[in-house]
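Each chain, written out:
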Amino acid sequence: MRFFINKLILILSTLAAVVGLIFLFWILVTLTIKGIGAIDWHIFANDLVDNGLRNLLIGQFMLAIVAVVIGVPIGMMAGIYLQEYSNGSKYAEFIRNLSDVMMSAPSIVIGVFVYAVVVNPVGHANGWAGSIALAIMMIPIVVRTTDDMLGLVPKELREAGIALGAPKHKVIFDIIIKAAKIGITTGILLAFARIAGETAPLLFTSGNSQYFTMNMNYEFPSLTVAIYSLATMPDVNLVRIAWAGAFLLTLFVLIINLLGRYVIREKK
C-alpha cells in the first residue's frame, strides 16, 4: 500500500511539474516572439512621449539603484547585529520572525504603506517614495541572507581574530564579512532582481512620467508601471511597446538571477 501511494504521489508530482513547465515555456515563447518583434532602435533612442522606452529604462534603473543604496546598508547592519551582537536574545528572534513575515508580505501592501507615510504628506507621487517602497521590500531579504551567511562562518575565525588582539568590529568587517562575501553578494543580487520587476508598490508611490527626467522629487518614469498601463491601451503601437518593455525587463531579471547562481556555483 505504501509503495502504491509513493508511486501515485510521484506521478502526480511529475505531472504537476510538467504542466507548470509547459505554461512557463508558453509564456516565455510568446513574450520572446512578441517582444523581439517589437524591438527596434527607435525604442532605445526616444522617450515614452515619442513611443520609446529610453526614459522608462533609465528611470527603472535609477529607482532600483537608489533602493539598493538605501536597503543594502540597513539590511546588512541588521543581519550583522542578529548574528554577532544579539547573543540569541528573544528580541533577535522577534526580528528574524518579522523579517520572514516581511519577505512574504504582498508588495501592494508595502506600496499603500509608503503612500500613506511618504506620498500623502507631500501631496503627489515622487521617485523617492518609489525607491523607499522597493528598499523596504529588499531589506528583509538582505537581513536574512546576511544573518544566514555570517552564521556559516566558523567560530574559529572569530576566535583567531580576537586572539590577535583585533577589536570586534575589525574582526567582523575584515574577517567574517570577507569570508561570507560571496553568499551576501548573491543575496543582494537576488534581492535586486526581485525589486527590479516590481509594479504594485510603484503604482502608489512613484507614478509614471512620459518624459525624461532625473528629478526624483516628482512623478518618475518607471518601466513596470508603463507596461501595466500600455498593455491595456487600444492603440496597437502602444501595446507593441509594452511587449518590448516586458521582454527587456524579463531578460534583465533573468540575467541577474543567472549571475547570482553563477556566483554560488563558482564558490562551491
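Residues numbered from 1 in each chain as written. Predicted model: local features only at pLDDT ≥ 70, side-chain atom pairs only at ≥ 80, totals over all residues. Heavy atoms only, no water.

1. A closer look at the overall build of the protein chain
- Within the protein chain, the regular secondary structure consists of 12 helices and 0 strands.
- Helices (α) and strands (β) of the protein chain occur, in sequence order from the N terminus, as α-α-α-α-α-α-α-α-α-α-α-α.
- Seen along its three principal axes, the alpha-carbon backbone of the protein chain occupies a region of about 70 × 60 × 35 Å.
- The burial tally for the protein chain puts 40% of its 268 residues in the buried class.
- For the protein chain, the accessible area works out to roughly 15,300 Å², and carbon and sulfur atoms hold 70% of it. (Helix = DSSP H or I, 4+ residues; strand = E, 2+ residues; numbered from the N terminus. Buried < 20%, exposed > 50% of the residue type's maximum accessible area, 1.4 Å probe, protein only. Areas by Shrake-Rupley, 256 points an atom, 1.4 Å probe, with all protein chains shown as cover.)

2. A short note on the packing of helix α5 (residues 107-122) against helix α6 (residues 127-151)
- Direction vectors running N to C along α5 and α6 enclose 135°, while the axes themselves pass 9 Å from each other. Here α5 lies oblique to α6, going by the angle between them. Classified by chirality, the crossing of α6 by α5 is right-handed. Contact with α5, carried on its side by S107, I110, F113, V114, V118 and V119, involves A129, I132, A133, I136 and M137 of α6 and no other residues of that element.
- Residues belonging to the contact of α5 with α6 are distributed by class as follows: 10 nonpolar, 1 polar and no charged. (Axes fitted to C-alpha atoms, helices over the stretch in contact; angles between N-to-C directions. Parallel < 35°, antiparallel > 145°, perpendicular 65-115°, else oblique. Left-handed = near helix turned anticlockwise from the far one by under 90°. Contact = heavy atoms within 4.5 Å. Nonpolar A, V, L, I, M, F, W, Y, C, P; charged D, E, K, R; others polar.)

3. Here's the deal with the side chain of S86
- Position of S86 among the secondary structure elements: in the loop between α3 (54-85) and α4 (90-103).
- Side-chain polar atoms of S86 contact the backbone oxygen of L82, separated by 2.4 Å.
- When near neighbours in sequence (up to four residues on either side) are disregarded, S86 contacts Y81 and A92. (Polar contact = N/O pair within 3.5 Å; in protein donor to acceptor, adjacent residues only side chain to side chain.)

4. Some remarks on the environment of N217
- Its place among the elements puts N217 in the loop between α10 (200-205) and α11 (223-230).
- In the structure, N217 is positioned 11 residues away from S206 in sequence and 9.4 Å away in space, judged by C-alpha atoms.
- Apart from the residues lying within four places of it in its own chain, the contact partners of N217 are H124, N126 and W128.
- One polar contact links N217 to W128, side chain to side chain, over a distance of 2.9 Å.

5. Considerations on α5
- With 16 residues, α5 should reach 22 Å at 1.5 Å per residue; the first-to-last C-alpha distance of 21 Å fits that figure.
- Of all the bends in α5, the greatest measures close to 45° and is centred on Y115.
- Along α5, the positions that sit buried rather than exposed are S107, I110, G111, V114, V118 and V119.
- As for α5, its buried residues are in contact with α4, α6 and α10.
- Backbone geometry just downstream of α5 places G123 in the positive-phi region, at approximately 105°. (Expected span 1.5 Å × (residues − 1). Bend = angle between axes of the 7 residues up to and from the residue.)

6. Describing the environment of L254
- With respect to the secondary-structure elements, L254 resides in helix α12 (residues 236-267).
- In this structure L254 comes out as partly exposed when scored by relative accessible area, which is 46%.
- The spacing of L254 and G207 is 47 residues in sequence and 25 Å in space, taken between C-alpha atoms.

7. Some thoughts on unusual backbone geometry
- Phi is positive for N51, close to 65°, though the residue is something other than glycine.
- With respect to the helices and strands, the residue N51 is situated in the loop between α2 (41-45) and α3.

8. Looking at the nonpolar core
- Counting 40 residues, the largest nonpolar core has M138, L150, F192 and I195 as the members making the most contacts within it.
- Elements represented by at least two residues in this core include exactly α3, α5, α6, α8 (168-179), α9 (181-196) and α12.
- Sequence-distant contacts of M138, that is, excluding residues within four places in its chain, are made with A67, V68, V72, I188, A191, F192 and I195.
- Of all hydrophobic cores here, the second largest spans 18 residues; its members include I43, I227, A242 and F247. (Core = buried A, V, L, I, M, F, W, Y, C linked by side-chain atoms within 4.5 Å.)

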